Amino acid sequence: MKNTSWIPISTAAVSLSAVHSISGETVSFEQQAAIPPKGTARLTFSLRSDHCGYISIHLEKIRLLDSLHLFSCTKPLETRQDLLIQPRIPEPPEQIALSVASSGDTLQAVPEPEELMGVREYRQGDRMRFIHWKLSSRFPDPVVREFGVPVSTAVTAVFLYGMETGVPNFAGRLDTMLEAMSALTHAVCAKGQSITWTVSNGTSCKRFVLAAPAELIPLYDQFLHEAPSAAPVHCQDLVLSANADAASFYITDAVVQVPASSTVFTAIPFSGGAQTVFLPAGSSAETVYRTLSKSSERNMV
(Lines give C-alpha, C1' and ligand atoms only; values in the text may rest on other atoms or scores of the structure.)
Protein backbone atom coordinates (compact mmCIF):
# COMPACT_ATOMS: atom_id res chain seq x y z
CA MET A 1 0.00 0.00 0.00
CA LYS A 2 1.27 3.45 -0.87
CA ASN A 3 0.51 6.78 0.81
CA THR A 4 1.00 9.59 -1.72
CA SER A 5 0.12 12.40 0.73
CA TRP A 6 2.13 14.17 3.43
CA ILE A 7 -0.44 13.08 6.04
CA PRO A 8 0.29 9.83 7.87
CA ILE A 9 -2.34 7.09 7.79
CA SER A 10 -2.53 5.69 11.29
CA THR A 11 -4.51 2.58 10.32
CA ALA A 12 -5.22 1.00 6.97
CA ALA A 13 -7.34 -2.15 7.30
CA VAL A 14 -7.52 -4.53 4.33
CA SER A 15 -10.24 -7.21 4.14
CA LEU A 16 -9.76 -10.39 2.13
CA SER A 17 -11.79 -13.58 1.64
CA ALA A 18 -10.80 -16.91 0.12
CA VAL A 19 -12.96 -19.80 -1.12
CA HIS A 20 -11.74 -23.31 -1.99
CA SER A 21 -13.16 -24.52 -5.31
CA ILE A 22 -13.54 -28.17 -4.25
CA SER A 23 -14.30 -28.23 -0.52
CA GLY A 24 -16.18 -24.90 -0.53
CA GLU A 25 -14.32 -23.85 2.62
CA THR A 26 -14.39 -20.07 3.09
CA VAL A 27 -12.08 -17.97 5.25
CA SER A 28 -11.91 -14.21 5.86
CA PHE A 29 -9.00 -12.05 6.96
CA GLU A 30 -8.43 -8.48 7.99
CA GLN A 31 -4.98 -7.02 8.56
CA GLN A 32 -4.00 -3.54 9.60
CA ALA A 33 -0.92 -1.42 9.04
CA ALA A 34 0.21 2.19 9.49
CA ILE A 35 1.50 4.03 6.43
CA PRO A 36 3.92 6.95 6.91
CA PRO A 37 3.73 10.12 4.78
CA LYS A 38 4.94 9.45 1.24
CA GLY A 39 5.64 5.91 2.36
CA THR A 40 4.49 2.37 1.75
CA ALA A 41 3.38 -0.61 3.81
CA ARG A 42 3.22 -4.27 2.89
CA LEU A 43 0.70 -6.77 4.25
CA THR A 44 1.24 -10.52 4.07
CA PHE A 45 -1.66 -12.96 4.15
CA SER A 46 -0.88 -16.62 4.78
CA LEU A 47 -3.23 -19.16 3.17
CA ARG A 48 -3.11 -22.90 3.65
CA SER A 49 -5.23 -25.70 2.24
CA ASP A 50 -5.28 -29.41 3.00
CA HIS A 51 -6.77 -30.21 -0.41
CA CYS A 52 -5.93 -29.74 -4.06
CA GLY A 53 -7.91 -27.29 -6.14
CA TYR A 54 -8.13 -23.56 -6.68
CA ILE A 55 -8.32 -20.95 -3.93
CA SER A 56 -10.26 -17.96 -5.20
CA ILE A 57 -8.97 -14.86 -3.39
CA HIS A 58 -11.09 -11.71 -3.27
CA LEU A 59 -9.55 -8.46 -2.02
CA GLU A 60 -12.79 -6.91 -0.79
CA LYS A 61 -12.11 -3.48 0.70
CA ILE A 62 -9.70 -1.14 2.43
CA ARG A 63 -10.64 1.06 5.39
CA LEU A 64 -8.67 4.13 6.45
CA LEU A 65 -9.08 5.09 10.12
CA ASP A 66 -7.89 7.97 12.24
CA SER A 67 -5.65 7.45 15.24
CA LEU A 68 -8.65 7.15 17.62
CA HIS A 69 -10.66 4.96 15.25
CA LEU A 70 -13.54 7.44 15.44
CA PHE A 71 -13.76 8.11 11.71
CA SER A 72 -13.17 5.89 8.74
CA CYS A 73 -13.26 5.90 4.98
CA THR A 74 -14.00 2.69 3.10
CA LYS A 75 -13.04 1.96 -0.48
CA PRO A 76 -14.41 -1.21 -2.16
CA LEU A 77 -11.90 -3.35 -4.02
CA GLU A 78 -12.67 -5.87 -6.74
CA THR A 79 -9.29 -7.55 -7.09
CA ARG A 80 -9.54 -11.30 -7.58
CA GLN A 81 -6.89 -13.96 -8.03
CA ASP A 82 -6.97 -17.77 -8.26
CA LEU A 83 -4.20 -19.84 -6.71
CA LEU A 84 -3.69 -23.47 -7.72
CA ILE A 85 -2.96 -26.04 -5.02
CA GLN A 86 -1.25 -29.00 -6.71
CA PRO A 87 -0.50 -32.44 -5.29
CA ARG A 88 2.99 -32.87 -3.88
CA ILE A 89 4.48 -36.20 -4.87
CA PRO A 90 7.89 -37.90 -4.67
CA GLU A 91 10.04 -38.34 -7.75
CA PRO A 92 9.50 -41.63 -9.65
CA PRO A 93 12.06 -44.40 -9.04
CA GLU A 94 14.63 -45.27 -11.68
CA GLN A 95 13.46 -48.88 -12.18
CA ILE A 96 10.21 -47.89 -13.88
CA ALA A 97 10.49 -48.78 -17.57
CA LEU A 98 7.44 -47.94 -19.62
CA SER A 99 7.04 -49.43 -23.06
CA VAL A 100 4.08 -48.67 -25.29
CA ALA A 101 3.90 -49.67 -28.92
CA SER A 102 1.24 -49.50 -31.59
CA SER A 103 0.80 -49.35 -35.32
CA GLY A 104 0.87 -45.58 -35.02
CA ASP A 105 4.48 -45.39 -33.83
CA THR A 106 6.45 -42.35 -34.88
CA LEU A 107 10.08 -42.40 -35.98
CA GLN A 108 13.14 -40.93 -34.36
CA ALA A 109 15.89 -39.69 -36.67
CA VAL A 110 19.19 -41.59 -36.55
CA PRO A 111 22.40 -41.38 -38.62
CA GLU A 112 22.25 -45.03 -39.72
CA PRO A 113 19.48 -46.48 -41.91
CA GLU A 114 16.67 -48.30 -40.11
CA GLU A 115 13.33 -47.27 -41.59
CA LEU A 116 12.78 -44.59 -44.21
CA MET A 117 11.26 -41.40 -42.74
CA GLY A 118 11.41 -39.24 -45.88
CA VAL A 119 13.79 -36.90 -47.65
CA ARG A 120 15.32 -33.54 -46.78
CA GLU A 121 17.90 -31.07 -48.06
CA TYR A 122 21.54 -32.13 -48.02
CA ARG A 123 23.55 -30.99 -44.97
CA GLN A 124 27.30 -30.89 -44.57
CA GLY A 125 28.43 -34.21 -43.15
CA ASP A 126 25.68 -36.32 -44.77
CA ARG A 127 26.96 -39.49 -46.40
CA MET A 128 27.05 -39.55 -50.19
CA ARG A 129 25.32 -42.93 -50.35
CA PHE A 130 22.18 -41.43 -48.78
CA ILE A 131 21.73 -38.87 -51.57
CA HIS A 132 18.56 -39.40 -53.56
CA TRP A 133 20.09 -38.76 -57.00
CA LYS A 134 16.95 -39.10 -59.06
CA LEU A 135 14.98 -36.69 -56.88
CA SER A 136 17.95 -34.33 -56.53
CA SER A 137 17.87 -33.71 -60.28
CA ARG A 138 14.63 -31.77 -59.79
CA PHE A 139 16.08 -29.36 -57.22
CA PRO A 140 18.97 -26.90 -57.23
CA ASP A 141 20.51 -28.60 -54.16
CA PRO A 142 20.80 -32.32 -53.51
CA VAL A 143 18.34 -34.08 -51.17
CA VAL A 144 19.08 -37.08 -48.97
CA ARG A 145 17.04 -39.94 -47.61
CA GLU A 146 16.37 -39.67 -43.87
CA PHE A 147 16.01 -42.79 -41.79
CA GLY A 148 14.80 -43.48 -38.30
CA VAL A 149 13.93 -46.07 -35.69
CA PRO A 150 10.49 -46.56 -34.13
CA VAL A 151 9.91 -44.81 -30.81
CA SER A 152 7.02 -45.39 -28.42
CA THR A 153 3.74 -43.63 -28.91
CA ALA A 154 2.15 -41.63 -26.13
CA VAL A 155 0.83 -43.50 -23.11
CA THR A 156 -2.95 -43.12 -22.94
CA ALA A 157 -4.88 -42.59 -19.72
CA VAL A 158 -8.41 -41.60 -18.66
CA PHE A 159 -9.28 -39.48 -15.63
CA LEU A 160 -12.94 -39.69 -14.59
CA TYR A 161 -13.63 -36.41 -12.80
CA GLY A 162 -16.68 -37.66 -10.96
CA MET A 163 -17.69 -38.72 -7.45
CA GLU A 164 -20.28 -41.07 -6.04
CA THR A 165 -23.05 -39.16 -4.26
CA GLY A 166 -22.92 -38.97 -0.49
CA VAL A 167 -19.34 -40.21 -0.15
CA PRO A 168 -17.41 -39.04 2.92
CA ASN A 169 -14.32 -36.87 2.53
CA PHE A 170 -14.82 -36.39 -1.21
CA ALA A 171 -12.16 -33.65 -1.28
CA GLY A 172 -9.61 -36.04 0.22
CA ARG A 173 -10.53 -38.76 -2.26
CA LEU A 174 -10.13 -36.34 -5.13
CA ASP A 175 -6.68 -35.47 -3.72
CA THR A 176 -5.79 -39.16 -3.92
CA MET A 177 -6.89 -39.33 -7.56
CA LEU A 178 -5.00 -36.15 -8.50
CA GLU A 179 -1.85 -37.44 -6.82
CA ALA A 180 -2.12 -40.60 -8.92
CA MET A 181 -2.58 -38.52 -12.08
CA SER A 182 0.47 -36.44 -11.25
CA ALA A 183 2.55 -39.53 -10.40
CA LEU A 184 1.63 -41.29 -13.64
CA THR A 185 2.47 -38.16 -15.64
CA HIS A 186 5.84 -37.77 -13.86
CA ALA A 187 6.70 -41.43 -14.42
CA VAL A 188 5.90 -41.33 -18.14
CA CYS A 189 7.58 -37.99 -18.85
CA ALA A 190 10.69 -39.02 -16.87
CA LYS A 191 11.23 -41.70 -19.51
CA GLY A 192 11.06 -39.19 -22.34
CA GLN A 193 7.57 -40.20 -23.41
CA SER A 194 4.37 -38.18 -23.63
CA ILE A 195 1.05 -39.07 -22.04
CA THR A 196 -2.39 -38.42 -23.50
CA TRP A 197 -5.03 -37.75 -20.86
CA THR A 198 -8.74 -37.96 -21.62
CA VAL A 199 -10.60 -36.14 -18.84
CA SER A 200 -14.37 -36.47 -18.49
CA ASN A 201 -16.56 -34.66 -15.95
CA GLY A 202 -19.88 -36.05 -17.18
CA THR A 203 -20.73 -33.02 -19.32
CA SER A 204 -17.57 -32.63 -21.38
CA CYS A 205 -14.73 -34.88 -22.47
CA LYS A 206 -11.40 -33.27 -23.35
CA ARG A 207 -8.04 -34.63 -24.43
CA PHE A 208 -4.64 -33.31 -23.37
CA VAL A 209 -1.24 -34.41 -24.66
CA LEU A 210 1.45 -33.76 -22.04
CA ALA A 211 5.19 -33.96 -22.61
CA ALA A 212 6.17 -32.57 -19.19
CA PRO A 213 4.58 -32.55 -15.70
CA ALA A 214 4.33 -28.74 -15.79
CA GLU A 215 1.79 -29.11 -18.60
CA LEU A 216 -0.68 -30.48 -16.06
CA ILE A 217 -1.53 -26.90 -15.04
CA PRO A 218 -3.62 -26.08 -18.15
CA LEU A 219 -5.39 -29.42 -17.62
CA TYR A 220 -6.21 -28.54 -14.00
CA ASP A 221 -7.46 -25.15 -15.15
CA GLN A 222 -10.17 -26.84 -17.23
CA PHE A 223 -11.73 -28.77 -14.35
CA LEU A 224 -10.58 -27.88 -10.84
CA HIS A 225 -12.47 -24.58 -10.62
CA GLU A 226 -15.58 -26.62 -9.73
CA ALA A 227 -16.15 -29.71 -7.60
CA PRO A 228 -17.10 -32.96 -9.37
CA SER A 229 -20.86 -33.19 -9.88
CA ALA A 230 -21.38 -36.36 -11.93
CA ALA A 231 -21.06 -40.03 -11.05
CA PRO A 232 -17.98 -41.84 -12.39
CA VAL A 233 -20.13 -44.16 -14.50
CA HIS A 234 -21.63 -41.16 -16.29
CA CYS A 235 -18.16 -39.80 -16.92
CA GLN A 236 -17.15 -43.15 -18.42
CA ASP A 237 -20.28 -43.21 -20.61
CA LEU A 238 -19.18 -39.87 -22.07
CA VAL A 239 -15.70 -41.25 -22.76
CA LEU A 240 -17.22 -44.20 -24.60
CA SER A 241 -19.60 -41.98 -26.58
CA ALA A 242 -16.63 -39.85 -27.66
CA ASN A 243 -15.20 -42.95 -29.37
CA ALA A 244 -12.01 -42.67 -27.32
CA ASP A 245 -9.53 -45.48 -27.85
CA ALA A 246 -8.95 -47.99 -25.08
CA ALA A 247 -6.57 -46.42 -22.57
CA SER A 248 -3.73 -48.11 -20.74
CA PHE A 249 -4.72 -46.55 -17.41
CA TYR A 250 -7.87 -45.26 -15.72
CA ILE A 251 -8.15 -43.17 -12.56
CA THR A 252 -11.58 -43.10 -10.97
CA ASP A 253 -13.46 -42.78 -7.68
CA ALA A 254 -15.34 -46.01 -8.36
CA VAL A 255 -14.70 -49.20 -10.27
CA VAL A 256 -16.18 -48.88 -13.77
CA GLN A 257 -16.33 -51.15 -16.78
CA VAL A 258 -13.08 -50.77 -18.74
CA PRO A 259 -11.16 -52.90 -21.27
CA ALA A 260 -9.56 -55.99 -19.77
CA SER A 261 -6.08 -54.81 -20.76
CA SER A 262 -6.37 -51.53 -18.82
CA THR A 263 -5.14 -50.87 -15.30
CA VAL A 264 -7.63 -49.04 -13.07
CA PHE A 265 -6.50 -46.90 -10.13
CA THR A 266 -9.47 -46.31 -7.84
CA ALA A 267 -9.93 -44.26 -4.68
CA ILE A 268 -12.31 -46.78 -3.04
CA PRO A 269 -11.49 -50.20 -1.59
CA PHE A 270 -12.49 -53.12 -3.78
CA SER A 271 -12.59 -56.89 -3.76
CA GLY A 272 -11.18 -58.86 -6.67
CA GLY A 273 -9.99 -57.63 -10.02
CA ALA A 274 -6.34 -58.22 -10.89
CA GLN A 275 -6.20 -55.06 -13.00
CA THR A 276 -7.76 -52.81 -10.31
CA VAL A 277 -5.43 -51.05 -7.87
CA PHE A 278 -6.67 -49.31 -4.72
CA LEU A 279 -5.14 -45.90 -3.98
CA PRO A 280 -4.63 -45.48 -0.23
CA ALA A 281 -4.82 -41.90 1.06
CA GLY A 282 -1.41 -40.33 1.53
CA SER A 283 0.51 -42.85 -0.55
CA SER A 284 -1.25 -42.98 -3.91
CA ALA A 285 1.85 -41.78 -5.77
CA GLU A 286 3.94 -44.59 -4.29
CA THR A 287 1.18 -47.04 -5.22
CA VAL A 288 1.29 -45.89 -8.84
CA TYR A 289 5.08 -46.18 -8.95
CA ARG A 290 4.97 -49.62 -7.34
CA THR A 291 2.35 -50.81 -9.82
CA LEU A 292 4.40 -49.56 -12.78
CA SER A 293 7.54 -51.17 -11.36
CA LYS A 294 5.79 -54.53 -11.01
CA SER A 295 4.56 -54.25 -14.59
CA SER A 296 8.12 -53.59 -15.71
CA GLU A 297 9.38 -56.64 -13.82
CA ARG A 298 6.74 -58.82 -15.49
CA ASN A 299 7.74 -57.47 -18.90
CA MET A 300 11.38 -58.38 -18.23
CA VAL A 301 10.63 -62.00 -17.25
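Remember, it's a predicted structure, so these values are computed and weren't measured experimentally. (Residues numbered from 1 in each chain as written. Predicted model: local features only at pLDDT ≥ 70, side-chain atom pairs only at ≥ 80, totals over all residues. Heavy atoms only, no water.)

1. Notes on the sheet that holds strand β11 (residues 249-252)
Then comes step 1: Spatially, β10-β9-β8-β11-β12-β13 is the arrangement adopted by the 6 strands of the open sheet, whose pairing is mixed. Each end of this open sheet is capped by a strand with a single partner; those strands are β10 (205-210) and β13 (276-278). On average, each strand axis in the sheet is tilted by 20° relative to the strand beside it, whichever way the strands run.
Then comes step 2: As judged from the 3 bridges shared by strand β12 (residues 263-266) and β13, these two strands associate in the parallel manner. (Pairing = 2+ DSSP bridges. Helix = DSSP H or I, 4+ residues; strand = E, 2+ residues; numbered from the N terminus. Axes fitted to C-alpha atoms, helices over the stretch in contact; angles between N-to-C directions.)

2. A few points about the side chain of Thr198
Then comes step 1: Tracing the sequence through the fold places Thr198 in strand β9 (residues 195-200).
Then comes step 2: A relative accessible area of 6% places Thr198 in the buried class.
Then comes step 3: Those residues in contact with Thr198 that sit more than four places away from it in its chain are Ala157, Val158, Phe159, Cys205, Lys206, Arg207 and Val239. (Buried < 20%, exposed > 50% of the residue type's maximum accessible area, 1.4 Å probe, protein only. Contact = heavy atoms within 4.5 Å.)

3. Let's talk about the pattern of salt bridges
Then comes step 1: The full count for this structure, using the stated rule, is 4 salt bridges.
Then comes step 2: One salt bridge in this structure joins Glu78 and Arg80, with 3.8 Å as the shortest N-O distance.
Then comes step 3: Overall, the relative accessible area of 60% leaves Glu78 in the exposed class.
Then comes step 4: The partner of Arg173 in a salt bridge is Asp253, and the shortest N-O contact between them spans 3.0 Å. Pair noted here: Arg173 is in helix α2 (residues 170-190) and Asp253 is in the loop between β11 and β12, with a separation of 80 residues, a long-range link. Considered together, Arg173 and Asp253 belong to a single accessibility category, that of buried residues. (Salt bridge = Lys/Arg side-chain N within 4 Å of Asp/Glu carboxyl O.)

4. Brief notes about the packing of aromatic side chains
Then comes step 1: Per the stated rule, a full pass over the model turns up 5 aromatic pairs.
Then comes step 2: With a centroid separation of 5.9 Å and 55° between ring planes, the pair formed by Tyr161 and Phe223 is classed as tilted. With a gap of 62 residues between them, Tyr161 in the loop between β8 (155-160) and α2 and Phe223 in helix α3 (residues 216-223) connect regions that are remote in the sequence. Note on accessibility: Tyr161 and Phe223 belong to one class, buried.
Then comes step 3: Aromatic pair Phe249 and Phe265: ring centres 6.2 Å apart, planes at 20°, arrangement stacked. Placement of Phe249 in strand β11 and of Phe265 in strand β12 is noted, with a sequence separation of 16 residues between them. Note on accessibility: Phe249 and Phe265 belong to one class, buried.
Then comes step 4: These aromatic residues form a ring-pair network of at least three members: Phe159, Tyr161, Phe208 and Phe223. (Phe/Tyr/Trp six-rings, centres within 6.5 Å; stacked < 30°, edge-to-face > 60°.)

5. Digging into α2
Then comes step 1: Here α2 contains 21 residues, and its C-alpha end-to-end distance of 30 Å stays within 8% of the 30 Å for a straight helix at 1.5 Å per residue.
Then comes step 2: Counting buried positions over the 21 residues of α2 gives 19, a clear majority of the element.
Then comes step 3: Once α2 finishes, Gly192 follows within two positions and takes phi at roughly 80°, a positive value. (Expected span 1.5 Å × (residues − 1).)

6. Description of the environment of Asp82
Then comes step 1: Inspection of the secondary structure assignment puts Asp82 in strand β4 (residues 72-85).
Then comes step 2: Given a relative accessible area of 35%, Asp82 falls into the partly exposed group.
Then comes step 3: Taking C-alpha positions, Asp82 is 6.1 Å from Tyr54, a pair spaced 28 residues apart along the chain.
Then comes step 4: Apart from the residues within four sequence positions on either side, Asp82 is in contact with Tyr54, Ile55, Ser56, Ile57 and His225.
Then comes step 5: A polar contact is formed between the side chain of Asp82 and the side chain of Ser56, at a distance of 3.3 Å. (Polar contact = N/O pair within 3.5 Å; in protein donor to acceptor, adjacent residues only side chain to side chain.)

7. Some thoughts on the pairing of strand β1 (residues 9-20)
Then comes step 1: The buried count for β1 comes to 10 of 12 residues, which makes it a mostly enclosed element.
Then comes step 2: Sheet analysis places β1 next to strand β2 (residues 26-35), joined by 9 bridges and oriented antiparallel. In the strand pairing of β2, Val14 is matched with Gln31.
Then comes step 3: Linking two consecutive strands that pair antiparallel, namely β1 and β2, is a turn of 5 residues; a positive phi of about 75° is found at Gly24 within it.
Then comes step 4: Bridge count between β1 and strand β3 (residues 53-65): 10 bridges; the pairing is antiparallel. Paired with His20 across the strands is Ile55, a residue of β3.

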